[in-house]
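Analysis of the macromolecular model
Listed below, chain by chain, are the residues.
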Amino acid sequence: MMTNNKLMDWPPEKVAAFQHALLDWYDHHARTLPWRQDHDPYHVMVSELMLQQTQVQTVIPYYNRFMAQFPTVEALAAAPEATVLKAWEGLGYYSRARRLQQAAKQIVNDYGGKWPQTAAELQTLAGIGPYTAGAIASISFGEVVPAIDGNAFRVFARLFKVDADIARPQTRKVFDDLIRPLMPKERPGDFNQAVMDLGSSYMSASHPDPAHSPVRAFDASFRDGVVQDYPVKTKKPRPVIHRYFALVIRSKAGYLLEQRPGKGMLADLWMFPLIDMAELEATMESEQLDEISARFADLSGMTLTFADLGRPQVQHTFTHQRWQLTLIGADAAAAELKFMPARWVPVEDFGKMALPTVQKKLNRALGLTEPG
DNA sequence: TATCCGTGGAA
DNA sequence: TTTCCAAGGAT
């Protein structure tokens, strides 16, 4: 149990030995990844934004497509936002896509295309916090600054038996103070990336193998047989259940897709209109349809004729919300919509819109298939 | 500071 | 089925 304030109590020769063990292992066993072909800050920025809370194997195909479509920071800055969002479809945390493009615009417009080169300056860019700033600054510009992500938390919590709860925001400083004196003045970017590779292999969360780790001689939790006790992390609450009616409204021009608000869940993506069941006052099923019709008329100026779809159910779980959707069919004239940001979309054009995974589940439940 | 913001894989 | 996790940031 570490109770002293100063966690990093290694002598200089031990620090040097640790750096050598880590970097020597990295030199021989670094993962080959698409964004590691060079140290171009644009490549690092795009990959790091995609990798936030997202696994490497998921990101790889998105990164390759993104680079083919937006090869330079200028190309990304000039692209229509809908195009960027479509490229992000299925990757989740969609605000990352908008902020990435916002950051590209900042670099092109505010910095005249000349990249800010320190972590402090990089943090002024949209979507770039302390971790991502540290990654870009160290990898692309050689600044000696840590990149503290989940891997770094796990690796150093185990090496030093850190008892601070990594779920608490203030714990970041504990690790920052711990890691900085461990970093080599040369190759800070390789140091940070080696920690990431270590954290996803020998020191992973699910299948750690500290006995064969290149830094096992420096691993206090392995030495004491308490690897599974680290890192200390409090649990998250269960997802809250939300029930909605999903309106499947057909016209000669296609299905009605609504663009969701610019803030909140699935911001700016396209879905069937949802009616929150908790906001309906009806107590009988027959009255429910009347109230849905009335509420929707207020939103759209449109009169619905309900069609029996058998009310199929679709469930989708997010990190902190569980949606239970009941599909309600309706026919309508392909009228101009009054207040809703919505479009009539033929099934063959669904692929042009940025659709969240839950909408794709709805499509499947209805037997609606996109081309290709 | 605590909460919000997605998804797919693993056990 | 349930739970947790995986290269976080904004508010």
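This report concerns the structure included in the present document. Just so it is clear, the model here is predicted, and its values are computed rather than measured.

Attention shifts here to the pattern of salt bridges. This model, assessed by the stated rule, comprises 14 salt bridges. Across the pair D197 and R31 runs a salt bridge whose closest N-O atoms are separated by 2.7 Å. Here D197, found in helix α11 (residues 188-199), pairs with R31, found in the loop between α1 (12-29) and α2 (41-51); they are 166 residues apart in sequence, far enough to count as distant. Given the relative accessible area of 2%, D197 is considered buried. Its relative accessible area of 30% is what places R31 among the partly exposed residues. Between D331 and R250 there is a salt bridge whose closest N-O contact spans 3.3 Å. In this pair, D331 sits in strand β7 (residues 321-331) while R250 sits in strand β1 (residues 240-251), placing the two residues 81 residues apart along the sequence. Residue classification places R250 among the partly exposed residues on the basis of a relative accessible area of 28%.

Here the focus is the protein's contact with DNA strand B. Inspection of the region around DNA strand B gives 22 residues, with Y94, H207, L266, T319 and T357 positioned closest. Sugar plus phosphate: this is where 57% of the atoms of DNA strand B within 4 Å of the protein reside. One of the side-chain N or O atoms of Q170 is found 3.5 Å from a phosphate oxygen in DNA strand B. Within the contact set of DNA strand B, a phosphate oxygen lies 3.2 Å away from a backbone nitrogen or oxygen of M265. Here the surface near DNA strand B is built from residues that sort into eight nonpolar, 14 polar and no charged.

Time to look at α1. Taking 1.5 Å of rise per residue, the 18 residues of α1 would be expected to cover 26 Å, and the 26 Å separating its terminal C-alpha atoms lies within 8% of that figure. Those residues of α1 lying buried are V15, F18, Q19, A21, L22, L23, W25 and Y26. Against α9 (150-160) and α11 lie the buried residues of α1.

The next thing to look at is the environment of M45. As for its placement among the helices and strands, M45 is situated in helix α2. The spatial distance from the C-alpha of M45 to the C-alpha of S140 is 9.6 Å, given a sequence separation of 95 residues.

This part is about the pairing of β1. Examined bridge by bridge, β1 and β7 share 11 bridges and lie parallel to one another. Residue pairing for β7: I249 is matched across the bridge by A330. Pairing of β1 with strand β4 (residues 274-276) involves three bridges; the strand directions are antiparallel. Along β4, the bridge assignment pairs A246 with L274. Bridging between β1 and strand β2 (residues 254-259) involves two bridges; their strand directions are antiparallel. Looking at the pairing, S251 lines up with G254 of β2. The turn linking β1 back onto β2 is made up of two residues.

Conventions adopted
- Residues numbered from 1 in each chain as written.
- Chains lettered and ligands numbered in written order.
- Predicted model: local features only at pLDDT ≥ 70, side-chain atom pairs only at ≥ 80, totals over all residues.
- Heavy atoms only, no water.
- Salt bridge = Lys/Arg side-chain N within 4 Å of Asp/Glu carboxyl O.
- Helix = DSSP H or I, 4+ residues; strand = E, 2+ residues; numbered from the N terminus.
- Buried < 20%, exposed > 50% of the residue type's maximum accessible area, 1.4 Å probe, protein only.
- Near = heavy atom within 4 Å.
- Polar contact = N/O pair within 3.5 Å; in protein donor to acceptor, adjacent residues only side chain to side chain.
- Nonpolar A, V, L, I, M, F, W, Y, C, P; charged D, E, K, R; others polar.
- Expected span 1.5 Å × (residues − 1).
- Contact = heavy atoms within 4.5 Å.
- Pairing = 2+ DSSP bridges.

All we've got here are geometric facts, nothing functional implied.
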